[in-house]
Amino acid sequence: MLLLGIDLGTSSVKVSVVDASTCACVASAQFPETEAGIISLHPGWAEQDPELWWDQVQLAILKCHSSKNYDPQDIAAIGIAYQMHGLVLVDKDQKVLRPSIIWCDSRAVQIGEQAFQTIGEKKCLQHLLNSPGNFTASKLAWVKQHETQLYQKIDKVLLPGDFIGMKLTGEITTTISALSEGVLWDFKFHRISTDIIDYFQFDKTFFPRVHPVFSEHGYLTRTIAQKLSLKEGIPVSYKAGDQLNNAFALHVMEPGEVAATAGTSGVIYGVRDQPDYDVASRLNSFAHINHTNDHPRIGVLLCINAAGICNRWIKNITGQALSYEIMNELAATIPAGAHGLSFIPFGNGAERMLRNQLIGAHFQNLDLNIHSTPHLLRAVQEGIVFAFRYGLDIMKENGINPDVIRAGYTNMFMSDVFTSSFVNTTGVSVQLFTGDGSTGAARGSGVGAGLMTQETASKMVQPVRLVEPSSKDTYEELYQTWKYQLEVHLHLLDEDI
């Protein structure tokens, strides 16, 4: 029996087929091969076309089938992981009304801030665990304010994973986790937030039926089954935001366990057993995939909007012929600190950990007589690492002090320069695992379909490598210099304000 996992990322769609009995990956495929773009019509805006996502999902599935490693008719369930916080709007015929306003879009920051002040900071944090910020609810409010005619056509408001589930099954459902990541869930009253609904004057019918993450969200329609060579009626039995799914894939399910990812964005994600919050809203708290009212499991998320996207940017700037493997090799030829060159890796929307400021990305101390392409490559990777350390210090202020961080051996953690810099700068060991978001989603579908338990699905994957700190003093000095440079920029922004 086989399980199909879909990981809807910002850069591409990844699909994997997993054996339900062993959790071994049978085949994987990605589409497109090159990284998908982001539509940015104005500074701070970020959109993607949901119908393009759907095309990419179908092409990735068919590409996976083309491996001939399995019989598609043996697939028994489908799981979906997806880029978080995006806004997808459909009409009564399930037609998309506009491009999705995705996670790193910053247009609604002021709308969310006004809601935070009017509803009350204390009330928002105690009930929503977050400021409305530029999350899904605030993005919907932006559409209401600026696209009035379109707003009148809305039938349902979806997160990206809800949209893919709809396309597969014709059914529209959501989860507590999805609503909480949109800052639409009231953790005190265990319901969609009436404070948010009433403040923005949203129609309550916009929001789909709420199902558990691990449950049957609908069944594959005959038309889609025939198109994708799958069996009609198999369930979509798991939907989770990408960071929650990554935590599940790495067996980060219980209080004190911590995961990290370094894809387009960089994330540290820890689990608590109480609905706590960061009083400065630099961190965000969501319902983890195993959260229940009686058994709270809250995922605390630190997000750096610009991580892998910085690496892609420097790849494009220095010559697209360079592969990431060659970039990593070139970076490794330069010593730690890149001979004084440093990089501040922001510039992909408002950074929540910097109190929603748009700080931009900056090279510091560029010497035209010394610094070359390898220096730029190393400085970018180290700058991303230093941003992780800055965020981890915020998490420590909030009581999350990991001894080890679990990460998939993928994206930037495939770089020895990045990984060694990460452990030496944070002082925390990293445990690397095989697998990715699509294999995690596949295993999640097995749980949702009743084919395995959560514990079995999580523990089937074993670590492949442990990386421990070895040069903490060197990196501590480099980090403190970087931190000073960052705080100078933040101070200058405050003066401008």
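Further up the page is the structure itself.
1. Looking at the nonpolar core
In step 1: Within the largest apolar cluster, 69 residues are counted, with the highest numbers of intra-cluster contacts made by Leu89, Leu140, Phe202 and Ile289.
In step 2: At five residues, the largest contribution of residues to this core is made by helix α4 (residues 136–146).
In step 3: In this structure, Ala260, Val380, Leu432 and Val467 belong to the second largest nonpolar core, which totals 56 residues.

2. Topic: helix α12 (residues 324–332)
In step 1: Within α12, burial applies to Met327, Asn328 and Ala331. Buried positions in α12, seen along its axis, are confined to an arc of 100° and lie on one side of it. Those residues of α12 that are exposed and aimed more than 90 degrees away from the buried face are Glu325 and Glu329.
In step 2: Looking at the packing, one finds that the buried side of α12 touches α11 (308–318), α13 (373–397) and α14 (416–426).

3. As for unusual backbone geometry
In step 1: Residue Pro32 is bonded to the preceding Phe31 through a cis peptide linkage, with omega at -5°.
In step 2: Along the chain, Pro32 falls in the loop between β3 (25–31) and β4 (47–48).
In step 3: Even without being glycine, Leu129 reaches a positive phi, approximately 70°.
In step 4: Within the chain, Asn365 stands out as a residue other than glycine whose phi angle is a positive 70°.
In step 5: Note on placement: Asn365 falls in the loop between β19 (361–364) and α13.
In step 6: Since its relative accessible area comes to 48%, Asn365 is described here as partly exposed.

4. Quick notes on the packing of aromatic side chains
In step 1: By the definition in use, this model includes 21 aromatic pairs.
In step 2: Ring plane angle 40° and centroid distance 5.8 Å describe the contact between Tyr238 and Phe248, whose orientation is recorded as tilted. With a gap of 10 residues between them, Tyr238 in strand β13 (residues 236–241) and Phe248 in helix α10 (residues 242–249) connect regions that are remote in the sequence.
In step 3: Its relative accessible area of 0% is what places Tyr238 among the buried residues.
In step 4: The interplanar angle of 35° and the centroid separation of 6.2 Å between the aromatic rings of Phe418 and Phe422 together place this pair among those described as tilted. Within this pair, Phe418 and its partner Phe422 are both found in helix α14, separated by four residues, close to a single helical turn.
In step 5: Residue Phe422 is classed as buried on the basis of its relative accessible area, which comes to 0%.
In step 6: By the ring-pair criterion, three or more aromatic residues cluster together here, those being Tyr199, Phe200, Phe202 and Phe207.

5. What to know about the sheet that holds strand β2 (residues 13–19)
In step 1: Reading across from one edge, β3-β2-β1-β5-β13 is the order of the five strands in this open sheet, with mixed pairing throughout. Two strands close off the open sheet at either side, each with one partner strand: β3 and β13. Recorded for the sheet is a direction-independent mean angle of 15° between the axes of neighbouring strands.
In step 2: Two strands pair when backbone bridges link them, and strand β5 (residues 75–82) and β13 are joined in this way by five bridges, in the parallel orientation. Following the sheet pairing, Tyr82 is matched in β13 by Gly241.
In step 3: Set on the sheet, helix α15 (residues 437–448) makes contact with β1 (2–8), β2, β3, β5 and β13; between it and β1 the angle comes to about 130°.

6. Describing the pattern of salt bridges
In step 1: Within this structure, the stated rule accounts for 21 salt bridges.
In step 2: Notably, a salt bridge pairs Lys239 with Asp162, separated by 2.9 Å at the nearest N-O pair. Within this pair, whereas Lys239 is found in strand β13, its partner Asp162 is found in helix α6 (residues 160–169), the two being separated by 77 residues in sequence. Across this residue pair, the class does not change: Lys239 and Asp162 are buried.
In step 3: A salt bridge links Asp416 to Arg465; the shortest N-O distance between them is 3.4 Å. With a gap of 49 residues between them, Asp416 in helix α14 and Arg465 in strand β22 (residues 463–467) connect regions that are remote in the sequence.

7. Topic: the sheet that holds strand β21 (residues 429–433)
In step 1: Read across the open sheet, the seven strands follow the order β16-β17-β15-β14-β20-β21-β22; overall the sheet is mixed. Edge positions in the sheet fall to β16 (284–287) and β22, since each of these pairs with one other strand and no more. The sheet shows a mean angle of 30° between the axes of neighbouring strands, direction not considered.
In step 2: Pairing of strand β20 (residues 404–408) with β21, which is carried by five bridges, proceeds in the parallel orientation. Residue pairing in the sheet places Arg406 in a bridge with Gln431 of β21.
In step 3: Sheet contacts for α13: β14 (258–262), β15 (266–272) and β17 (298–304); angle to β15, the most-contacted strand, approximately 20°.
In step 4: Its contacts with the sheet put α14 on β14, β20, β21 and β22, and the angle it makes with β21 is roughly 140°.

8. Quick notes on the pairing of β1
In step 1: Burial of β1 is extensive: seven of the seven residues sit out of reach of the surface.
In step 2: Where burial is concerned, the two faces of β1 agree: the one with Leu2, Leu4, Ile6 and Leu8 and the one with Leu3, Gly5 and Asp7 are both buried.
In step 3: The pairing of β1 with β5 spans seven bridges and is parallel. For Leu4, the partnering residue across the bridge sits in β5 and is Ile78.

9. Digging into empty space enclosed by the protein
In step 1: Considering all chains together, one arrives at one cavity of 30 Å³ or more under this definition.
In step 2: The volume enclosed by the largest cavity comes to roughly 40 Å³.
In step 3: Lining the largest cavity, in full, are Thr136, Val157, Leu159, Asp162, Thr174, Leu179, Leu184, Phe207 and Pro208.
In step 4: For the lining of the largest cavity, the class distribution of residues is six nonpolar, two polar and one charged.

10. Quick look at the environment of Gly182
In step 1: Structurally, the position occupied by Gly182 is in the loop between α7 (176–181) and β10 (185–186).
In step 2: Discounting residues that sit within four places of it in the chain, Gly182 has contacts with Phe135, Thr136 and Ala137.

Thresholds applied
- Residues numbered from 1 in each chain as written.
- Predicted model: local features only at pLDDT ≥ 70, side-chain atom pairs only at ≥ 80, totals over all residues.
- Heavy atoms only, no water.
- Core = buried A, V, L, I, M, F, W, Y, C linked by side-chain atoms within 4.5 Å.
- Buried < 20%, exposed > 50% of the residue type's maximum accessible area, 1.4 Å probe, protein only.
- Helix = DSSP H or I, 4+ residues; strand = E, 2+ residues; numbered from the N terminus.
- Arc of directions from axis to C-beta.
- Contact = heavy atoms within 4.5 Å.
- Phe/Tyr/Trp six-rings, centres within 6.5 Å; stacked < 30°, edge-to-face > 60°.
- Pairing = 2+ DSSP bridges.
- Axes fitted to C-alpha atoms, helices over the stretch in contact; angles between N-to-C directions.
- Salt bridge = Lys/Arg side-chain N within 4 Å of Asp/Glu carboxyl O.
- 1 Å grid on protein atoms, 1.4 Å probe; cavity = no way out; pocket = protein on both sides within 12 Å on 5 of 7 lines; lining within 4 Å.
- Points joined across faces, edges and corners; volume = space filled by probe spheres on them.
- Nonpolar A, V, L, I, M, F, W, Y, C, P; charged D, E, K, R; others polar.

Everything listed here is a matter of geometry and, on its own, says nothing about what the molecule does.
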